[in-house]
Amino acid sequence: MVEENEMNEELSFAEMFEQTEVKRDYLQPGQKVEATVVKITPEWIFLDLGGKSEGYLDRKELADEEGHVTIQEGETISAYFLSSRANEKLFTTRIGAGNSARNHMEEVWKSGIPIEGVVEKEIKGGFEIKLAGDMRGFCPFSQMGLQRVDKGQDYIGRRMAFRITEFGERGRNIILSSRALLEEQRKKDEEVLRTSLQEGMRVSGTIVSIRDFGAFVDIGGIQGLLPISEIGWDRVEDIQERLSVGQVLEVLITRLDWENNRISLSLKQTLADPWDEVTTLYPEGSLHTGVVVRLTAFGAFVNLRPGIDGLMHISKLGRGRRIAHPRDAVKLGDTLEVKIDAVDPGKKRISLSFAPAETEDPVTVKVVREPEDSYRDYMGNTPTTLGSLGDLLKRKLDRKE
């Protein structure tokens, strides 16, 4: 009885194994598999799918421009199943632009297999893409990438991977999307990075596009935004003068919002804070040169060095006279000689006033002159007391004589 049960168990196991093999052999067109390269010939690359299954793909798919294969026997690759003829399974890593690809175009569309194409020209609403043989497809501007297309000329002549989203009139009407593939890849990258990235971490990234409000930086397959305010400690007026596409940066992750696919970055926070040594560089009473960079209703902001601005209050801008607005005394871009009145490193504030004239003692002379000072200059003397009105008139008459 025991032997019979053991035989039944072995039979059941054998049946299950056989069923597994049958399922493994049955592949749907477009199904993605992991396969091991077992042999490379001048025309084909043969694959081991596991068990008793084998397949092959065109050698040209994994060869560089000079014809050298970029993989070795024993390596594992990802491939898509195309078709089976005479028990031979044909695979592809992507559909190329050769004439033979025309035969698989409909399978490519139904299965979602990536297809290569060359951007031929810009037309209304998007780009014309050259596919297999003389076939053409259309890719809308919105589907060319993850970001908006600003300079269409930059895409002309590029070989890119697309997914066929519409296939009509036997291939005479083909709509393509590169964005669909990029979004899929981004999701895969996100799954990997979710477990490794943390706020406050420093990472290396490459600038992929620049906008007026900031730059998008690729940090390992996903993109984060580097706002213009986080580029440096100083005020950035023209982002194009500071950053360029392809530039590699070390940035700090300030925010991770996976739900909304938003990653915020900072270059500024990887740099030394100039305010850390502000009390040493700008002690109270010291004189410096600065440039007016911003005007507000209450005063003028003067840049002393990158990242450090001081405020000259409107009450000090008039040099003793009342003004309605700072622009009545200074304008943007003016270079001023200023004195440090007060420094607050904690609040990152510096209070400024005009520097005294060279002939004046910066310690004892007031920066904003009182009306009587001007009068004394005009009279040509500096009395200790003002005296009576009669004395003043007498002196004036004496001079006329």
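Residues numbered from 1 in each chain as written. Predicted model: local features only at pLDDT ≥ 70, side-chain atom pairs only at ≥ 80, totals over all residues. Heavy atoms only, no water.

(A) Molecular detail of the pairing of strand β14 (residues 248-257). Where strand β11 (residues 202-211) and β14 come together, five bridges link them in antiparallel fashion. Bridge pairing in β14 links Val-203 to Val-251. In this sheet, strand β15 (residues 262-266) lies alongside β14 in antiparallel orientation, the contact comprising five bridges. Following the sheet pairing, Leu-252 is matched in β15 by Ser-266. (Pairing = 2+ DSSP bridges. Helix = DSSP H or I, 4+ residues; strand = E, 2+ residues; numbered from the N terminus.)

(B) Summary view of the sheet that holds strand β2 (residues 44-50). Reading around the circumference, β1-β2-β3-β5-β4 is the order of the five strands in this closed barrel, with mixed pairing throughout. Recorded for the sheet is a direction-independent mean angle of 55° between the axes of neighbouring strands. With five bridges connecting them, strand β4 (residues 76-85) and strand β5 (residues 88-92) associate as antiparallel partners. Paired with Tyr-80 across the bridge in β5 is Thr-92. (Axes fitted to C-alpha atoms, helices over the stretch in contact; angles between N-to-C directions.)

(C) Main features of the pattern of salt bridges. Going through the model one piece at a time under the given rule, you end up with 14 salt bridges. The salt bridge involving Arg-136 is made with Glu-128; its shortest N-O contact spans 3.4 Å. A relative accessible area of 31% means that Arg-136 is categorised as partly exposed. Residue Glu-250 is joined to Arg-202 by a salt bridge in which the shortest nitrogen-to-oxygen separation is 3.1 Å. (Salt bridge = Lys/Arg side-chain N within 4 Å of Asp/Glu carboxyl O. Buried < 20%, exposed > 50% of the residue type's maximum accessible area, 1.4 Å probe, protein only.)

(D) Representation of a negative patch on the surface. A contiguous patch of negative charge on the surface is contributed by Asp-212, Glu-237, Asp-238 and Glu-241. Among the structural elements, Glu-241 can be located in the loop between β13 (223-227) and β14. What makes Glu-241 exposed here is its relative accessible area of 66%. (Patch = residues over 30% accessible without salt bridge, like charges linked within 9 Å, V, L, I, M, F, W, Y side chains within 5 Å. Areas by Shrake-Rupley, 256 points an atom, 1.4 Å probe, with all protein chains shown as cover. Lys, Arg positive; Asp, Glu negative; His and termini not counted. Charge placed at Lys NZ, Arg CZ, Asp CG, Glu CD.)

(E) Looking closely at the side chain of Glu-190. Locating Glu-190 in the fold gives a position in helix α3 (residues 179-194). No salt bridge is formed by the buried Glu-190, whose closest oppositely charged neighbour, Arg-186, lies at an N-O distance of 4.1 Å. Excluding residues that lie within four positions of it along the chain, Glu-190 makes contacts with Ile-222, Trp-258 and Asn-261. (Contact = heavy atoms within 4.5 Å.)

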